[in-house]
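Understanding the architecture of this molecule
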Amino acid sequence: MSNGPEDEDGYDFAAIQAKWAPIWEELEPFRTSDPGDVRPRKYVLDMFPYPSGDLHMGHAEVYALGDIVARYWRQQGFNVLHPIGWDSFGLPAENAAIKRGIDPRGWTYDNIAQQKKSMKLYAASFDWSRELHTSDPEYYKWNQWLFLQLYKKGLAYRKDSWVNWDPIDQTVLANEQVLPDGTSERSGAVVVKKKLTQWYFKITDYADRLLDDLNQLEGTWPTKVLNMQRNWIGRSIGADVDFVIEGREAPVSVFTTRPDTLHGATFMVVAPDADLAAELVAGASAEVRENFAAYLVKVQNSTEIERQATDREKTGVFLERYAINPANGERLPVWAADYVLADYGHGAVMAVPAHDQRDLDFALRFDLPVRVVVDTTAPVTGVIPVITPGMLDGSEELPDDPANGVDSDALDPAKSGTALAGEGRLINSGALNGLTKSNAIKRMIEQLVADGTGRATKNYRLRDWLISRQRYWGTPIPIIHGEDGTEIPVPEDQLPVLLPPTDGLDLKPKGTSPLGGATDWVNVVNPIDGTPAKRDADTMDTFVDSSWYFLRFLNPTDDTKAFDPKEADKWAPVDQYVGGVEHAILHLLYARFITKVLFDLGFVTFTEPFTALLNQGMVILDGAKMSKSKGNLVYFTEEVDKYGVDAVRLTMAFAGPPEDDIDWADVSPVGSAKFLARAWRVARDVTSAPDVEWKTGDAALRRVTHRFLADAPSLIESFKFNVVVARMMELVNATRKVIDTGAGPADAAVREAAEVTAMALNLFSPYTAEDMWQRLGYEPCVALAQWRKADRSLLVAESVTAVVQVDGKVRDRLEVSPKISNDDLEVQARASAAAIRSIGDREIVRVIVRAPRMVSIVTKPAG
RNA sequence: GCCCCCGUAGCCCAACCGGCAGAGGCAGGCGACUUAAAAUCGUCACAGUCUGGGUUCGAAUCCCAGCGGGGGCACCA
C-alpha cells in the first residue's frame, strides 16, 4: 500500500516521518534528568534487546506496547524514566565471530548501530542519554563487583558436579537453558551430563523468599508467570527420615512427602551417580561391583531425553546392602536405580511401592514386596466408620479395620499395577492405623522427632544457578587461583578485569575457556604472596548482566559505583516492566534473586525489582512461530517501509489483548494505515482557530469526545490497548460525520475531537499525532501535552434505553431519563403495552427494577 | 501425571459488579463520487456466545461435568 497519487495535501507517512524524526532528535523530549522535578515518578522499563541483527517483529511489538505505557504516564503528569540499552554479551556474537573469523566486538557493535537506527525510526520515547551496553567494561566491571559481593556473602561458590553440557557450543548450560525436550536452548544440541568444577550462585538459599514473595505480585504480574515461577521453584513439604545402614556408621537420610507411609517402605533406592551409591557398593561382591560399574556407565552416557522418558522400563542394581526402617525395624534391601536423582533431596529414597507409581513399577520389575498401608477406599465406601475428632486426638478408641466386602484384588497395587496415591485411612501401620493421611503425616513426624530419627523439612525443584561459561564473549570472573588451589578474589580497586583482545586467541569451542589461551592475561602474580597464579578463565552467564541492569540505568556513567542507592530510592523498583513471556522464568527469577541479595546487603530498600509486569505474546505467522528455518519470517524493515512506523505500531496495539499472540496473517497494517490517514484528514479539515470556545460545539460529538477522555485512562491502565484504538476509531468516525453531514469543519466540537484524537494517537502512532498537532496550531511535542480531563456534565446521556423483561425475556424498550427513579421506571414498565400483552392473565409475583436500565417482571406460571 | 489459560459473526476481537450479545477492524455485498478505475465517503449483521447440566427474576459472564485448543512443569520421592 502506498499513498498513491494523492492530492497535494494528503497523508504521506514517509514525509511525516522524515519531517519529525530530526526535530525530536533535537528536542530530546524524553530525557529524564532534572533533579528539581517535583512531579511523581514512574519507571517504565522494556526488556532490552540482544543485538543479534536488526530488530524483528517481536521487538516491534514489545517497544510499541511499552511505549504506550510510558507515553501514557507522561500525559498523566508523571516524570517518566524510560531507558534503553543493549544486552550485548553472549554466544551468538561469538559464534558469528568464529564463523567469519572476526572479532565479536565488531559484530556486536555493528548490530547495535543498526538496531539503534531502527529503534530511533520506530520512535519509542526513550531517554537515549542513558543508553548502555553490557559488553562495555564500564558495565561489566560492575558485574564483577556484584560477583564479589556474592562471593563475600558465601553466595558464589565453586563445586564439582554433574552439569548440563552442550556438545555443539562446548559449554555448560544452566538448568534453565535446557529445554523440556532435553536440548540446548541455544544450539539445539542434545544436552549431555558432564562432571565439572563450576561456579554457582546460591539461589536455593532464597527459594522460600522467591516463592513467598510472589504473593506480593499477585494482581500486578500475570497469573501465568506467577504459576510458572512457583512451579519452577517447586517447593515440596515433607520429612527427612534417617535409615541406619547395616555396616555403615552414619545413617542415611531420605526425603519423603509421605512420611505417613513409612510402614509401607519395602526397599530403599539410591541414585547411581550419587557418591553414596559408590560408597555402598564398595563392600559388595565382585559381581555386583561389576554390574554396578557397567550400570553407572550406561546411566552417565544416557542423554536427558532418554532419562526423562517416563514410560521407559525401570532399571537398577541391588547393592547387597540393607537399611533398617526406623518405624518398625524391618530390613530393607538397598538398590541403585536411575529413577532417583542424585541432586534432589539426599539422592536416596524410601520406596513405598503400594503408594508411589515409580516405586511400584520398580517393585514389579524386580519382584520386590508391595505392602498397602493406606486404605484408599475408606472415605469413599465408608468401610471404616466415620472418624470423630476425638478418635483423631487419641481420646477415643479407633474402630478396627473391617475392610470386608471390598474387591481387594482390584485395589491391590501388586495386581493392578496402579499405586494408590489418593486419600484414605492408615492400615498396617501400628499406632497410625485409622488416621487420615494428613493426620498420619503429622503424627509420624512427631514420632520421628521424638525418636531422633527424622524431622519435618522442605525440598525444592530449584537448583543453584550455574553461572560459569567456557566462552570468550562475557564478563571475566574476578577470581585468581593460587598455585596451592586457593581462590583469591580480585581486589575491588583492580576492577574491571578486562577481557583480553581476541588477537591470537582460538575462540573455537573446545571444552575449556578460550581465555585460558591468553597466556599474558591468565598468568598473574598472587596479590597476597607474590607467587605465580592464574586468572579464572571462565566468563559469566549473561543472565548475570541482565539481573540488575534496571539499576544501572539510574546513573549509567558513574564509574565509582554500580548504581546510586539514592537514585534507586527515588526511581526503583520498576513500576512497569514490559517484555516477552519467554523470560517468565529465567531472567525474572534471576533479577528477583539478585534484588533480594542487594536488599540483604543494604544496597536497596525493596525486595522485588518489578512491581508490575506486562508480558506480550509473540508475533507469529499463519499459526506458526516465525523462524529462519521455516522461511516464514516477516521483516521489521520491510513492514515499516511498506506501511510506515505508525501503522505497524498501531497494528501491534490493535491486534488484540497484548498477552495474546499476534498472527500477522490475521491483522491488517493496511487497515491501520487507512485509519491513520483518516484521522490525519480530520485534523487537516479543521477550520476553526485554536482558541475557539469548545462549549459552542456540537453536543453529541462533544459527548463522544468526553466519554473517550473519561474511559481511555482506565483502559490503558488495564492494558486494553485494542479497545482504546477501537474507541479512537469511533471518535474519528463520529468527527468525520459531523464534518461531512453535520455542523461542518468549522464547528468547535470538531476541533476539540481532533485535538483529543491527536493526543490519544500520540500513544500509538507518534508521527501522525505530532503532525496533526501541528496542523491544529500547536508547537511540538504532543507527547508532552497533558491528558485532558473529561467534562463530567457531558458524560450523562440525555436519555437511555431501559429494557423491560417479562420472565427473563426482553419485551419492550423505553427511552427514559438517566435520572429516573426506580418507582417511576416501574410505573412506566407496568404500563408498557408490549409487557402487558406478554404478561397476559398471569399474576405478577415480583418486579425487579434497576433504574435506569432494566425492569424485570416475574409472573406466576398460568394454571 | 500435576498446575494454569482460552473457546462469542467467515476471520481478528468488544461486552463495567450477572441486566438490550456488537464497540472497532479485516474480508464481503450494495450505493455515492468518477467516462472508468483507484482513493474517498456512506450503508448492510437472525452469531444467540463449544456441548450438557445447575444456580438465578435474568448467565457469554458464576458453579459442576464433558469436548476442543494452547501453555508451564515432570522418574523432583
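Residues numbered from 1 in each chain as written. Chains lettered and ligands numbered in written order. Predicted model: local features only at pLDDT ≥ 70, side-chain atom pairs only at ≥ 80, totals over all residues. Heavy atoms only, no water.

1. Description of the overall build of chain A
- The helix and strand inventory of chain A stands at 30 helices and 32 strands.
- Seen along its three principal axes, the alpha-carbon backbone of chain A occupies a region of about 100 × 95 × 50 Å.
- For chain A, the residues scored as buried account for 54% of the 863 residues in total.
- In chain A, the share of contacts with a sequence separation of at least 24, taken over all contacts with a separation of at least 6, comes to 73%.
- With an accessible surface of roughly 37100 Å², chain A has 51% of that area assigned to carbon and sulfur atoms.
- Separation of charge centres in chain A, based on 94 positive and 124 negative side chains, amounts to 3 Å. (Helix = DSSP H or I, 4+ residues; strand = E, 2+ residues; numbered from the N terminus. Buried < 20%, exposed > 50% of the residue type's maximum accessible area, 1.4 Å probe, protein only. Contact = heavy atoms within 4.5 Å. Areas by Shrake-Rupley, 256 points an atom, 1.4 Å probe, with all protein chains shown as cover. Lys, Arg positive; Asp, Glu negative; His and termini not counted. Charge placed at Lys NZ, Arg CZ, Asp CG, Glu CD.)

2. Some details on helix 16 (residues 437-451)
- End to end, helix 16 covers 21 Å across 15 residues, agreeing with the expected 21 Å (1.5 Å per residue, within 8%).
- Buried within helix 16 are the following residues: Lys437, Ala440, Ile441, Met444, Ile445 and Leu448. With its buried residues spanning 135° around the axis, helix 16 presents them on a single face. In this structure, helix 16 carries Lys442 and Ala450 as exposed residues pointing more than 90 degrees from its buried face.
- Buried positions along helix 16 lie against strand 8 (235-245), strand 15 (425-426) and strand 16 (454-460). (Expected span 1.5 Å × (residues − 1). Arc of directions from axis to C-beta.)

3. Thoughts on the nonpolar core
- Counting 94 residues, the largest nonpolar core has Met652, Trp664, Phe721 and Phe764 as its most contacted members.
- Of all the elements, helix 2 (residues 57-75) adds the most residues to this core, at 11 residues.
- Counting residues in each nonpolar core, the second largest holds 91 residues, with Ala156, Trp571, Leu588 and Ile594 among its members. (Core = buried A, V, L, I, M, F, W, Y, C linked by side-chain atoms within 4.5 Å.)

4. Quick notes on the protein's contact with RNA strand B
- Around RNA strand B, the surrounding shell holds 54 residues, and the nearest of these are Ser236, Arg358, Arg461, Arg813 and Arg853.
- Near-protein atoms of RNA strand B (within 4 Å) split between backbone and bases, with sugar and phosphate holding 61%.
- The dominant element in the surface near RNA strand B, judged by the number of residues it contributes, is helix 26 (residues 721-741), at eight residues.
- In terms of residue class, the surface near RNA strand B is built from 19 nonpolar, 13 polar and 22 charged. (Near = heavy atom within 4 Å. Nonpolar A, V, L, I, M, F, W, Y, C, P; charged D, E, K, R; others polar.)

5. Quick word on the packing of helix 24 (residues 669-685) against helix 28 (residues 766-775)
- One can describe the packing of helix 24 onto helix 28 by two numbers: an axis separation of 9 Å at closest approach and a directional angle of 10°. With respect to their mutual orientation, helix 24 and helix 28 come out roughly parallel. Note that helix 24 runs across helix 28; the crossing there is right-handed. Between helix 24, through Leu676, Ala679, Trp680, Ala683 and Arg684, and helix 28, the contact on the second element is made entirely by Thr768, Asp771, Met772 and Arg775. (Axes fitted to C-alpha atoms, helices over the stretch in contact; angles between N-to-C directions. Parallel < 35°, antiparallel > 145°, perpendicular 65-115°, else oblique. Left-handed = near helix turned anticlockwise from the far one by under 90°.)

6. Overview of the packing of aromatic side chains
- Under the defined criterion, the tally for this structure stands at 40 aromatic pairs.
- By way of ring pairs, the aromatic residues Phe147, Tyr151, Trp199, Phe201, Tyr206, Trp465, Phe543, Tyr590 and Phe593 are connected into one cluster.
- The ring of Trp165 is capped by Lys194, whose NZ or CZ atom sits 4.0 Å from the centre of that ring.
- Taking the ring centre of Trp521 as reference, the NZ or CZ of Arg535 above it sits at 5.6 Å. (Phe/Tyr/Trp six-rings, centres within 6.5 Å; stacked < 30°, edge-to-face > 60°. Lys NZ or Arg CZ within 6 Å of the ring centre and 35° of its normal.)

7. Re the pattern of salt bridges
- Scanning all chains against the criterion turns up 44 salt bridges.
- Between Asp541 and Arg469 there is a salt bridge, with the nearest N and O atoms lying 3.1 Å from each other. Note that Asp541 is positioned in the loop between strand 23 (539-540) and helix 18 (542-545) and Arg469 in strand 18 (residues 468-469), a separation of 72 residues in sequence.
- For Arg469, a relative accessible area of 8% puts it in the buried group.
- For Arg775, the salt bridge identified is with Asp771, shortest N-O distance 3.8 Å. Taken together, the residues Arg775 and Asp771, both in helix 28 and four residues apart, mark about one turn of the helix.
- Through salt bridges with shared partners, a single ionic network connects Asp208, Asp212, Arg235 and Lys458. (Salt bridge = Lys/Arg side-chain N within 4 Å of Asp/Glu carboxyl O.)

8. Observations regarding unusual backbone geometry
- Between Leu495 and the following residue, Pro496, the backbone shows a cis peptide bond with an omega angle of 0°.
- Counting through the fold element by element, Pro496 comes out in the loop between strand 20 (487-489) and helix 17 (519-522).
- At Asp367, a residue that is not glycine, the phi angle is positive and equals roughly 60°.
- Judged by relative accessible area, which is 71%, Asp367 ranks as exposed.
- Within the chain, Asn428 stands out as a residue other than glycine whose phi angle is a positive 50°.
- Within the fold, Asn428 resides in the loop between strand 15 and helix 16.
- Using a relative accessible area of 47% as the deciding quantity, one classes Asn428 as partly exposed.

9. Quick notes on the pairing of strand 30 (residues 809-816)
- Here strand 29 (residues 800-806) pairs with strand 30 via seven bridges, running antiparallel. Counted as the bridge partner of Val804 is Asp812 from strand 30.
- Connecting strand 29 to the next strand, strand 30, in antiparallel fashion are two residues, including Asp807 with a positive phi near 50°. (Pairing = 2+ DSSP bridges.)

10. A look at the sheet that holds strand 26 (residues 619-621)
- Spatially, the three strands line up as an open sheet ordered 27-26-28, and their pairing is mixed. Because the sheet does not close on itself, it has two edges, and the strands there are strand 27 (624-625) and strand 28 (662-663).

11. Description of the pairing of strand 12 (residues 331-336)
- Most of strand 12 sits out of view: five of its six residues are buried.
- Pairing of strand 10 (residues 267-270) with strand 12, which is carried by three bridges, proceeds in the parallel orientation. Looking at strand 12, one finds that Val269 is bridged to Trp335.
- The pairing of strand 11 (residues 317-324) with strand 12 spans six bridges and is antiparallel. Bridge pairing in strand 12 links Ala323 to Leu332.
- Taken together, strand 11 and the strand that follows it, strand 12, pair antiparallel across an intervening segment of six residues, in which Gly329 is found at a positive phi of about 75°.

12. Here's the deal with the packing of helix 7 (residues 223-233) against helix 21 (residues 586-600)
- Across the interface, helix 7 lies against helix 21 with an axial gap of 11 Å and an inter-helix angle of 75°. By the angle between their directions, the pair helix 7 and helix 21 is classed as roughly perpendicular. Contacts between helix 7 and helix 21 involve Val225, Gln229, Trp232 and Ile233 on the former and, on the latter, Leu588, Leu589 and Arg592.
- For the contact of helix 7 with helix 21, the residue count by class is five nonpolar, one polar and one charged.

13. Observations concerning the sheet that holds strand 20
- Across the sheet, which stays open at both edges, the four strands sit in the order 20-19-22-21 with antiparallel pairing between neighbours. With partners counted over all chains shown, the strands left at the sheet margins are strand 20 and strand 21 (523-525), one partner each. Averaged over all pairs of adjacent strands, the angle between strand axes in this sheet comes to 40°, irrespective of strand direction.
- With three bridges joining them, strand 19 (residues 479-482) and strand 20 adopt antiparallel strand pairing. Pairing of His481 across the sheet is with Glu487, part of strand 20.

14. Description of the environment of Trp787
- The residue Trp787 is located in the loop between helix 28 and strand 29 in this model.
- Overall, Trp787 belongs to the buried group, its relative accessible area being 9%.
- For Trp787 and Ala677, which are 110 residues apart along the polypeptide, the C-alpha to C-alpha distance reads 23 Å.
- Setting aside residues no more than four positions away along its own chain, Trp787 makes contact with Gln75, Gln76, Phe708, Leu709, Ala712, Pro713, Met759 and Ala760.
- A distance of 3.4 Å separates a polar atom in the side chain of Trp787 from the backbone oxygen of Leu709. (Polar contact = N/O pair within 3.5 Å; in protein donor to acceptor, adjacent residues only side chain to side chain.)

15. Some remarks on helix 5 (residues 137-152)
- For helix 5, with 16 residues, the first-to-last C-alpha span of 22 Å sits near the 22 Å given by 1.5 Å per residue.
- A large share of helix 5 lies buried, amounting to 13 of its 16 residues.
- After helix 5 finishes, the residue Gly154 shows a positive phi value of roughly 75°.

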